[in-house]
There are 2 protein chains.
Amino acid sequence: MVISKPSIPKGTRDFGPVEMARRNYIFDTIRSVFKSFGYSQIETPAMENLSTLMGKYGDEGDKLLFRILNSGDAFADIDPEKPIASQVCEKGLRYDLTVPFARFVVQHQAEISFPFKRFQIQPVWRADRPQKGRYREFYQCDVDAIGSKSQMCETELVQIVDNVFGKLGVRVAMKINNRKVLSGLAEICGFPDKVVDITVAIDKLDKIGLDAVKEEMKAKGLSEEAVAMLEPVLTLEGGNEEKIATMRTLMAGSETGLQGLDELEELFGFIKAAGVAIPCEIDLSLARGLNYYTGAIFEVKALDFEIGSICGGGRYDNLTGIFGLKDMSGVGVSFGADRIYDVLTGLEAFPDGLGSSSKILFANMGAGEAAYVMPVASELRKQGIPVEIYPESSKLKKQFDYADRKGIPFISICGTSEMEASTVQIKNLSTGEQKSFASGDMKSICDFVAGN
Amino acid sequence: MVISKPSIPKGTRDFGPVEMARRNYIFDTIRSVFKSFGYSQIETPAMENLSTLMGKYGDEGDKLLFRILNSGDAFADIDPEKPIASQVCEKGLRYDLTVPFARFVVQHQAEISFPFKRFQIQPVWRADRPQKGRYREFYQCDVDAIGSKSQMCETELVQIVDNVFGKLGVRVAMKINNRKVLSGLAEICGFPDKVVDITVAIDKLDKIGLDAVKEEMKAKGLSEEAVAMLEPVLTLEGGNEEKIATMRTLMAGSETGLQGLDELEELFGFIKAAGVAIPCEIDLSLARGLNYYTGAIFEVKALDFEIGSICGGGRYDNLTGIFGLKDMSGVGVSFGADRIYDVLTGLEAFPDGLGSSSKILFANMGAGEAAYVMPVASELRKQGIPVEIYPESSKLKKQFDYADRKGIPFISICGTSEMEASTVQIKNLSTGEQKSFASGDMKSICDFVAGN
């Protein structure tokens, strides 16, 4: 029998011990911050009914859904006149965490205490063409507060971003906009129905530049005058207060626009009161592709590493409307775990020793010696020190190599002389320092290995 | 537009905040024990190539695989003469963690330091008929050491089981058998080629009783004499040493059987040396359905709650052979998270307050008051106390209700008088005790809420 080397589907990944420890470090940090603000974790199934998923991500999104073949004989009783795919698949893999969250809120509304502060860290699947940095399976990490219109919620999310990146040791800056201001712009330039077109065009400012954005606006049907009216807004300079003041004059004719500016002003007041450390700046070119945002819009970028946004989100007033629950406003942000991983790797900002799981390797000098160190190892584990005993009495070189490859910083070699004297010998593999301890003297052993 | 109430596919589940906190408590406990023994976490993709999965779980298993429709136009260029399903699906959802682990070891063998001690906690999917306690998506939690034949590995797994259930506060007992002993039985009764049939029959002893097992053995072709010869073995009584001694006499003619008894004896010696607290008992009727075990076999049951086995596993000598890597012996156990959840629920053994994420709710008395408590809340979070501020200045009753429903034990109401005096008032909602603190006196506040 010829057995080919096994592989995994394109666009998917295995995570080995070191990558996994690093990813867990990121998720644990984020999770601890979410919890410190009273957010609760939920999980939804990997499979959703296609009726839940379809039509929520546009035509392009529908095509990128992974569909699951019905179980049993999926191809029995097919009507050849109708499209086959929709007859043989009723379920699909979740495409993001937002739609399942909306579905969860509607389905469980009777059990939920609103405002509902939840977070969710789970993989999502998209049948995108795999390419560098784009995967068909990747984790999303979303935090949302739903059921309150108060900008205290926005403020909390800004604080969360501040705390997360502070803990991770990554310098970031946050850009903030408000969708109502964008609507106001569309109103004052005389094309209130073109807000989506204008928003989409503005969103490209960073990528294609001012002239191309202006061309795109014209191509979408805006008049020369309208585009000219919008231009000063796109090139607005100055501090946040200055920007708001300038905009107030421009926006005087738009109630919605002024409301957006009021919201921005209130939010910046809260951010100041909360003592947020990261720089937060109004950026009217920030629109983000998704067009369900109705209020604040956020985007976070790393300051010392070149990569796209590593976190973003905003307020939506009608997330659950698609499932029949109206007037449920919420706000959320999503942390891009893969990009944050790349940033921490690039900045060498992961803590040392994440990959190694044990502090001490007890070398195996034979069955009797192994039995001698077993209770010592058990006691150290009780003290919170992860340790392991090499399972076989192999050559010492092999055992040292194992410690080296796993990044275990200490080795203990206990032979007959240690057994007779009831001692334990421990060596620091990086400094070469070696010490002998009474086998019951856990405190001294813990102190010695904690010094590493 | 009529919008139907959203639902999830049958056999799947949503996990809300309380269930999630309880599940995390179980997984975190298990994970911390795995790590204390030097095991590293890995993750593999939800989707595997069907060529990896097919033929590994028997015909029945193949039918229970969830298949994923190829992306793009899956139904273009179909040959109607051939089965359709295999032409339109190349990927499937993982059915367990064992086959992906074997695939991982073979694919990454060059990067792995053996013995490789890994654990994996991920969902698996099976198109089983959903019924009470059986789901189409459920988590498996596997720990394995691969690349060593030493029974130090078995011992470590027994210690892990001991520590996990000790930490969870669940009294359990472990049954241990050895597959070589079962092979020895088949040899001594004269039907060495019937070891699988005998094993499968013996496995049913608990369920169908001795007489039915004997009937089944006869139906499988064993002679009356062979069945009679096996009977005393099935009804063996006494302690572990006694059982081994009795078996040694019976097994004198089988080298394999004697080797199995040697292994059992060595393992019980190690278990004693390691100071394992849970009772471990030889049970020769323990066979488990899977027939890839080649040495030790384990099963764990709760003593104070009626449910099937909550953990089990064994040694396999040829896990990676299916992918072309020979002579890679390993041993592992799997923890049944759903059943452990049921046991902890039934015994009311979950710690208190798992569902509540915050310690203090700061009531919202208005924008100015909220701004006043923001820095206090931030400082408490830095001290490790999760707290939240109610986002809206709603009626106090509503805010109290929110604290109550979320299980938040303390509420702080700070109005103008507190702001003027720079104090913070905190009330214990269960005792009614109320105290006032200087707003910067974090230590006293932390002590007060830690007393809960």
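Preceding this paragraph is the structure being described.
**Concerning the overall build of chain A**
When helices and strands are counted, chain A shows 17 helices and 16 strands. Computed over C-alpha atoms, the radius of gyration of chain A comes to 28 Å, more than 25% over the 22 Å expected from 2.2 N^0.38 for 452 residues, which places it beyond the range of a compact globule. Within chain A, the fraction of its 452 residues that count as buried is 57%. Contacts in chain A between residues far apart in sequence, at least 24 positions, make up 66% of those at least 6 positions apart. Here chain A displays about 19000 Å² of accessible surface, and carbon together with sulfur accounts for 49% of that area.

**Side note on the packing of aromatic side chains**
Using the criterion set out here, one finds 29 aromatic pairs over all chains in the structure. An angle of 35 degrees between the planes, with centres 5.9 Å apart, marks the rings of B:Phe165 and B:Phe335 as tilted. Of the two residues, B:Phe165 sits in helix α6 (residues 152-168) while B:Phe335 sits in strand β11 (residues 330-335), which places them 170 residues apart along the sequence. There is no split in this pair, since B:Phe165 and B:Phe335 are both buried. Three or more aromatic residues joined by ring pairs make a cluster, and in this case those are A:Phe34, A:Phe119, A:Phe165 and A:Phe335. Positioned above the aromatic ring of B:Phe37, the side-chain terminus of A:Arg381 is 3.6 Å from the ring centre.

**A word on the relation of the copies chain A and chain B**
When chain A is fitted to chain B, the best match, at an RMSD of 0.0 Å, comes from turning it 180 degrees and sliding it 0.0 Å along the axis. In symmetry terms, the pair is related by a two-fold rotation axis. Residues of chain A ranked by C-alpha distance from the rotation axis are headed by A:Ile68, positioned 2.3 Å from it. Of the residues that chain A buries at the interface, 100% are likewise interface residues in chain B, meaning the two copies contact each other through the same surface.

**Let's talk about the interface of chain A and chain B**
Tallying the contact residues gives 96 residues for chain A and 96 residues for chain B. Note on chain A versus chain B: buried area summed over both sides is about 7700 Å², and carbon and sulfur give 60% of it. It is A:Pro6, A:Glu43 and A:Met374 that lose the most area in chain A upon contact with chain B, and together they represent 8% of the buried surface on that side. Between B:Arg103 and A:Asp14 there is a salt bridge whose closest N-O contact spans 2.6 Å. With six residues, the single largest contributor to the side of chain A that touches chain B is helix α14 (residues 367-382) of chain A. Here the side of chain A that touches chain B is composed, by residue class, of 50 nonpolar, 26 polar and 20 charged.

**Quick notes on the sheet that holds strand β14 (residues 410-412) of chain B**
Residues and elements named next belong to chain B. With mixed pairing, five strands are arranged side by side in an open sheet as β13-β12-β14-β15-β16. With one partner strand each, in any of the chains shown, β13 (387-389) and β16 (434-438) form the two edges of the open sheet. Taken pair by pair, the neighbouring strands of this sheet meet at an average axis angle of 25 degrees, ignoring direction. Bridge count between β14 and strand β15 (residues 423-428): three bridges; the pairing is antiparallel. Following the sheet pairing, Ile411 is matched in β15 by Lys427. Contacting β12 (360-362), β13 and β15, helix α15 (residues 367-382) runs over the sheet at an angle of about 165 degrees to β13.

**A closer look at the pattern of salt bridges**
A full pass over the atoms with the stated rule returns 48 salt bridges over all chains. The salt bridge involving A:Lys243 is made with A:Glu281; its shortest N-O contact spans 3.3 Å. Of the two residues, A:Lys243 is situated in helix α11 (residues 240-250) and A:Glu281 in strand β8 (residues 280-282); the sequence distance between them amounts to 38 residues. Here B:Asp28 and B:Arg31 are joined by a salt bridge, their closest N and O atoms 2.7 Å apart. Of this pair, B:Asp28 and B:Arg31 both sit in helix α1 (residues 17-36), three residues apart, which is roughly one turn of the helix.

**Focus on the packing of helix α7 (residues 179-188) of chain A against helix α12 (residues 255-273) of chain A**
Residue and element names in this part refer to chain A. One can describe the packing of α7 onto α12 by two numbers: an axis separation of 7 Å at closest approach and a directional angle of 150 degrees. The pairing of α7 with α12 is recorded here as roughly antiparallel in orientation. Taken as a pair, α7 and α12 cross one another with a handedness that is left-handed. Two secondary-structure elements touch here, α7 through Lys180, Val181, Ser183, Gly184 and Glu187 and α12 through Glu255, Thr256, Gly257, Gln259, Gly260, Leu261, Glu263 and Leu264. A class-by-class count of the residues in the contact of α7 with α12 yields three nonpolar, six polar and four charged.

**Describing the sheet that holds strand β6 (residues 137-146) of chain B**
All names here are of chain B. Across the sheet, which stays open at both edges, the eight strands sit in the order β1-β5-β6-β11-β10-β9-β7-β8 with mixed pairing between neighbours. Every other strand in the sheet has two partners, leaving β1 (40-41) and β8 (280-282) as the edge strands with one partner each. Bridge count for strand β5 (residues 116-125) against β6 is ten bridges, and the pairing is antiparallel. For Arg118, the partnering residue across the bridge sits in β6 and is Asp144. Of the strands in this sheet, β7 (172-178) and β9 (296-302) touch helix α7 (residues 179-188), which is tilted by about 50 degrees from β7.

**A few points about the environment of A:Gly92**
Along the chain, A:Gly92 turns up in strand β4 (residues 89-93). With 40 residues separating them in the primary sequence, A:Gly92 and A:Thr52 have C-alpha atoms 9.2 Å apart.

**Concerning the side chain of A:Asn364**
Mapped onto the secondary structure, A:Asn364 falls in the loop between β12 (360-362) and α14. We classify A:Asn364 as buried; its relative accessible area is 4%. Only 3.2 Å separates the side chain of A:Asn364 from the backbone oxygen of A:Pro391, close enough to count as a polar contact. Leaving out residues up to four positions away in the same chain, A:Asn364 has contacts with A:Ala370, A:Tyr390, A:Pro391, A:Glu392, A:Ser393, A:Ser394, A:Gln399 and B:Met152.

**Section: helix α8 (residues 195-203) of chain B**
Side chains that are three or four residues apart share a direction in an α-helix, a result of its 3.6 residues per turn. Residues and elements named next belong to chain B. Residues Val195, Ile198, Thr199, Ala201 and Ile202 constitute the buried set of α8. Down the axis of α8, the buried side of the element spans an arc of 165 degrees, and every buried residue falls inside it. Among the structural elements, α7, α9 (205-208), α10 (210-219) and α11 (224-234) are those in contact with the buried residues of α8.

**A short note on the packing of α1(B) against helix α14 (residues 337-346) of chain B**
Residues and elements named next belong to chain B. Relative orientation of the contacting elements α1 and α14 amounts to 110 degrees, with a least axis distance of 10 Å. By the angle between their directions, the pair α1 and α14 is classed as roughly perpendicular. Counted together, Glu19, Arg22, Arg23, Tyr25, Ile26 and Phe27 of α1 and Ala337, Asp338, Ile340, Tyr341, Leu344 and Thr345 of α14 form the full contact between these two elements.

**Side note on the state of the cysteines**
Scanning all chains against the criterion turns up zero disulfides over all chains. No disulfide involves B:Cys89; its sulfur sits 6.9 Å from the nearest other cysteine sulfur, which is in A:Cys89.

**Quick look at the pairing of strand β15 (residues 423-428) of chain A**
All names here are of chain A. Pairing of β15 with strand β16 (residues 434-438), which is carried by five bridges, proceeds in the antiparallel orientation. Across the sheet, Thr423 pairs through a bridge with Ala438, a residue of β16. Hairpin connection between β15 and β16: a loop of five residues separates the two successive antiparallel strands, and Gly432 in this loop has a positive phi of roughly 85 degrees.

Definitions and cut-offs
- Residues numbered from 1 in each chain as written.
- Chains lettered and ligands numbered in written order.
- Predicted model: local features only at pLDDT ≥ 70, side-chain atom pairs only at ≥ 80, totals over all residues.
- Heavy atoms only, no water.
- Helix = DSSP H or I, 4+ residues; strand = E, 2+ residues; numbered from the N terminus.
- Rg over C-alpha atoms; globule rule 2.2 N^0.38 Å.
- Buried < 20%, exposed > 50% of the residue type's maximum accessible area, 1.4 Å probe, protein only.
- Contact = heavy atoms within 4.5 Å.
- Areas by Shrake-Rupley, 256 points an atom, 1.4 Å probe, with all protein chains shown as cover.
- Phe/Tyr/Trp six-rings, centres within 6.5 Å; stacked < 30°, edge-to-face > 60°.
- Lys NZ or Arg CZ within 6 Å of the ring centre and 35° of its normal.
- Least-squares fit on C-alpha atoms with pLDDT ≥ 70 in both.
- Buried area = accessible area lost by both parts, 1.4 Å probe.
- Salt bridge = Lys/Arg side-chain N within 4 Å of Asp/Glu carboxyl O.
- Nonpolar A, V, L, I, M, F, W, Y, C, P; charged D, E, K, R; others polar.
- Pairing = 2+ DSSP bridges.
- Axes fitted to C-alpha atoms, helices over the stretch in contact; angles between N-to-C directions.
- Parallel < 35°, antiparallel > 145°, perpendicular 65-115°, else oblique.
- Left-handed = near helix turned anticlockwise from the far one by under 90°.
- Polar contact = N/O pair within 3.5 Å; in protein donor to acceptor, adjacent residues only side chain to side chain.
- Arc of directions from axis to C-beta.
- Disulfide = S-S within 2.5 Å.

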